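Structural overview
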Amino acid sequence: MTEQAKVAITRIQEEYSEELMNKAHVIGVAVGLRQRNEVKTNELCLVVLVDQKVSVDQLDPLDRIPAQIDGVSVDVREMGAFNAL
């Protein structure tokens, strides 16, 4: 992963975070390494954190998270619900 890739994905994070945070179940947006079967890969991507994963057919089309944004892969990770203390 290059510094140039980190900068590009960080720009996408900054540009799209508000839009993504307004989608159902989204609780955070970060830059990180893609996970496959709970194992990190070397692929840098945009990580969208959700309280729970929901099948695409149960989501309003406006709440669907794209597989890529501006050519950058998106990894959706289920984190569970967060509660303020």
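Above this text is the structure in question.
Let me sum up the structure you'll find in this document. Here the structure is a predicted model, which means the values were calculated and not measured. (Residues numbered from 1 in each chain as written. Predicted model: local features only at pLDDT ≥ 70, side-chain atom pairs only at ≥ 80, totals over all residues. Heavy atoms only, no water.)

With that out of the way, let us pick up the overall build of the protein. The secondary structure content of the protein amounts to one helix and four strands. Start at the N end of the protein and walk to the C end: the helices and strands fall as α-β-β-β-β. Taking 12 Å as the expected radius of gyration for a compact globule of 85 residues, we find that the protein reaches 13 Å, a close match to that expectation. Judged by the C-alpha coordinates and their principal axes, the protein covers about 35 × 30 × 25 Å. Counting all 85 residues of the protein, 31% fall into the buried class. (Helix = DSSP H or I, 4+ residues; strand = E, 2+ residues; numbered from the N terminus. Rg over C-alpha atoms; globule rule 2.2 N^0.38 Å. Buried < 20%, exposed > 50% of the residue type's maximum accessible area, 1.4 Å probe, protein only.)

What follows deals with the nonpolar core. One broad rule of soluble globular proteins: the nonpolar side chains tend to lie buried together. Within the largest apolar cluster, 13 residues are counted, with the highest numbers of intra-cluster contacts made by Ile12, Leu20, Leu46, Val48 and Ile69. Going through the elements one at a time, helix H1 (3–21), strand S1 (26–36), strand S2 (39–50) and strand S4 (72–78) are the ones with two or more residues in this core. Those residues within four positions of Ile12 in sequence are excluded, and the remaining contacts are Ser17, Leu46, Ile69, Asp70 and Val72. (Core = buried A, V, L, I, M, F, W, Y, C linked by side-chain atoms within 4.5 Å. Contact = heavy atoms within 4.5 Å.)

Take the environment of Ile65 next. The topology assignment puts Ile65 in the loop between S2 and strand S3 (68–69). Look at Ile65 and you get partly exposed, because its relative accessible area is 23%. When near neighbours in sequence (up to four residues on either side) are disregarded, Ile65 contacts Leu20, Lys23, Val26, Val48, Val50, Val74 and Val76.

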